[in-house]
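What follows is the residue order along each chain.
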Amino acid sequence: MLITEEPIFRRFWYPTLRLEELADGPKPFTLLKEDIVLWQQADGAPAALEDKCPHRSVKLSVDSLVVDGTLRCGYHGWRFAGDGGCVLVPQTPDLAPPARNAAKAYHCRERYGYVWVCLEEPVRDIPDLPHADDPGFRQVFEYQETWDANALRIGENALDLSHVSFVHRETFGEDESPVSPDLDLFEMEDGVGIRCYVPVANREDQQKNLNIADDHTLRKMKITWRLPAVFTIRITYPTGLIHQIIGFTTPIDDERTHRCQFVYRNDTEADAPGENVAAFDRRVAAEDRRILETTGPDYPLDLHAEAHMVLDRPGILMRQILADWLDGPPEERAGLETAAE
Ligand code: FES
Ligand SMILES: [Fe+2]
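Residues numbered from 1 in each chain as written. Chains lettered and ligands numbered in written order. Predicted model: local features only at pLDDT ≥ 70, side-chain atom pairs only at ≥ 80, totals over all residues. Heavy atoms only, no water.

Asks: Account for the overall build of the chain, naming residues and giving values.
Replies: Looking only at helices and strands, one finds 5 helices and 17 strands in the chain. The principal-axis extent of the C-alpha atoms belonging to the chain is close to 75 × 55 × 40 Å. In the chain, 36 side chains carry a positive charge and 60 a negative one; their mean positions are 3 Å apart. (Helix = DSSP H or I, 4+ residues; strand = E, 2+ residues; numbered from the N terminus. Lys, Arg positive; Asp, Glu negative; His and termini not counted. Charge placed at Lys NZ, Arg CZ, Asp CG, Glu CD.)

Asks: Describe the coordination of the iron ion (ligand 2), with residues and values.
Replies: Note on metal geometry: ideal angles are 109.5 degrees for four donors arranged tetrahedrally and 90 or 180 degrees for six donors arranged octahedrally. Distances from the iron ion (ligand 2) to its protein donors, H163 (NE2), H168 (NE2), D288 (OD) and D288 (OD), fall at 2.0 to 2.6 Å. Viewed at the metal, the 4 donor atoms of the iron ion (ligand 2) are separated by angles of 55 to 149 degrees, and the geometry they form is irregular. Coordination of the iron ion (ligand 2) draws on donor residues from a single chain, spaced H-x4-H-x119-D in sequence. Taken together, the residues H163 in the loop between α1 (151-158) and α2 (164-167) and D288 in helix α4 (residues 274-292) connect sequence positions 125 residues apart. Here D288 falls in the buried class, since its relative accessible area comes to 9%. (Donors = N, O, S within 2.8 Å, 3.2 Å for Na, K, Ca; no water. Tetrahedral: all angles 85-135°; square planar, octahedral: opposite > 155°, others 65-115°. Buried < 20%, exposed > 50% of the residue type's maximum accessible area, 1.4 Å probe, protein only.)

Asks: Would you mind going over the domain arrangement of the chain in detail, with residue names and values included?
Replies: Its domain assignment divides the chain into domain 1 (3-118) and domain 2 (138-325). Between domain 1 and domain 2, the C-alpha centre-to-centre distance is 33 Å. With 19 residues of domain 1 at the interface, the matching set in domain 2 holds 20 residues. For the pair domain 1 and domain 2, the summed buried area comes to about 1,700 Å², and 69% of that belongs to carbon and sulfur atoms. The interface formed by domain 1 and domain 2 contains 8 residue pairs in polar contact (both at pLDDT 80 or more). Breaking the side of domain 1 that touches domain 2 down by element, the ones donating at least two residues are β1 (14-18), β2 (27-31) and β10 (114-118). It is β1 that provides the largest number of residues to the side of domain 1 that touches domain 2, a total of 5 residues. Among the residues making up the side of domain 1 that touches domain 2, the classes are represented as 13 nonpolar, 3 polar and 3 charged. (Domains from an automatic or database assignment. Contact = heavy atoms within 4.5 Å. Buried area = accessible area lost by both parts, 1.4 Å probe. Polar contact = N/O pair within 3.5 Å; in protein donor to acceptor, adjacent residues only side chain to side chain. Nonpolar A, V, L, I, M, F, W, Y, C, P; charged D, E, K, R; others polar.)

Asks: Can you break down the packing of aromatic side chains residue by residue, with the values?
Replies: All told, the structure shown has 8 aromatic pairs when counted by the stated rule. Measuring from centroid to centroid gives 5.8 Å for Y114 and F262, while their planes differ by 20 degrees, and the two rings are stacked. Remark: F262 occurs in strand β17 (residues 257-265) and Y114 occurs in strand β10; sequence separation between them is 148 residues. Each member of the pair, Y114 as well as F262, carries the same accessibility label: buried. Look at F262 and Y264: their rings are 5.4 Å apart centre to centre, the planes differ by 85 degrees, and that puts the pair in the edge-to-face class. (Phe/Tyr/Trp six-rings, centres within 6.5 Å; stacked < 30°, edge-to-face > 60°.)

Asks: How would you summarise the sheet that holds strand β3 (residues 34-40) if you had to cite specific residues and measurements?
Replies: Sheet strands associate in pairs through backbone hydrogen bonding, adopting either a parallel or an antiparallel arrangement. Taken in spatial order, the 6 strands make up an open sheet running β1-β10-β9-β4-β3-β2, and their pairing is antiparallel. Strands with a single pairing partner mark the edges of an open sheet, and in this sheet they are β1 and β2. Within this sheet the neighbouring strands show an average axis-to-axis angle of 35 degrees, counted without direction. In terms of strand pairing, β3 meets strand β4 (residues 46-50) through 5 bridges, oriented antiparallel. For V37, the partnering residue across the bridge sits in β4 and is L49. (Pairing = 2+ DSSP bridges. Axes fitted to C-alpha atoms, helices over the stretch in contact; angles between N-to-C directions.)

Following this line, the structure appears as structure tokens:
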């Protein structure tokens with residue numbers, strides 16, 4: 001399956017840039033092969049338009065400015081509102097611009113400090129994130145990168161515990177003792193989750209980040225993947241420390257993913273500087289990235305297309321849920337009960 005060829009994926013919200021990145025002007029972004037321009041309106045709310053001026057087709061992200069809360073095209077200065085409507089043709093300021101001057105607009109909202117975009121009528125809301133509004137937790141931004149890998153492969157990797165011993169052997173894994181935890185697998189309407197305990201190596205940098213002196217520790221894990229671009233990994237250590245990873249895998253196209261990550265932690269900057277916490281997780285991410293970038297654009301839903309092992313049950317369930325959703329959200333699938341019933 002190619003994610004850009006399945007219409008359902010155009011109906012989900014995706015995190016794009018951080019809102020603060022729009023403070024100094026409009027920015028381009030590509031979502032599911034669609035070029036868009038993001039900018040910030042007078043009230044602070046973000047807006048997303050097709051990155052193509054309806055006048056002479058130039059990119060609205062190039063040499064454009066935000067003027068009085070409107071987006072001013074860099075070529076002839078037409079101005080656009082957040083809904084795409086052309087509000088001014090500066091060469092004829094006394095004439096109301098006709099409707100055909102409008103640029104194409106997309107659904108756009110801010111949440112968790114990110115600009116979320118949905119290309120068509122949304123089938124689900126932006127997901128709620130654990131600990132997002134919890135005053136006992138601090139937020140540590142970790143990274144934002146473009147990975148040359150398929151977004152669904154990255155999502156599946158978050159649910160994949162059997163790679164830890166090998167891919168992460170220099171950070172927290174041990175390849176001489178492959179991890180094989182008992183999984184408590186659960187299905188959500190729009191995703192997959194697992195709960196388990198995972199023994200890990202606890203090397204010097206993590207001993208400081210966790211304030212755990214032992215060279216091994218136990219992670220109590222809860223991992224969720226929500227269709228199509230959000231995963232969460234909650235790690236609870238024996239001390240009660242919670243390291244809640246929020247991962248975004250926004251598909252630029254079938255082979256490139258806008259990869260963002262931050263964490264919520266219930267400790268303080270004095271316990272473990274955010275910079276050090278982020279540095280460790282960036283090393284872990286670089287290990288995942290290196291291996292995931294060797295896969296191709298296809299994410300096969302046919303279970304016979306690839307070989308599997310017992311610990312792949314989360315990925316298999318993920319493929320089954322994706323296959324169901326290709327026919328639409330549950331409430332639109334013929335013959336099925338609606339989610340509300
Ligand atoms: S191309 Fe945008 S105003 Fe002319
Ligand atoms: Fe990993």
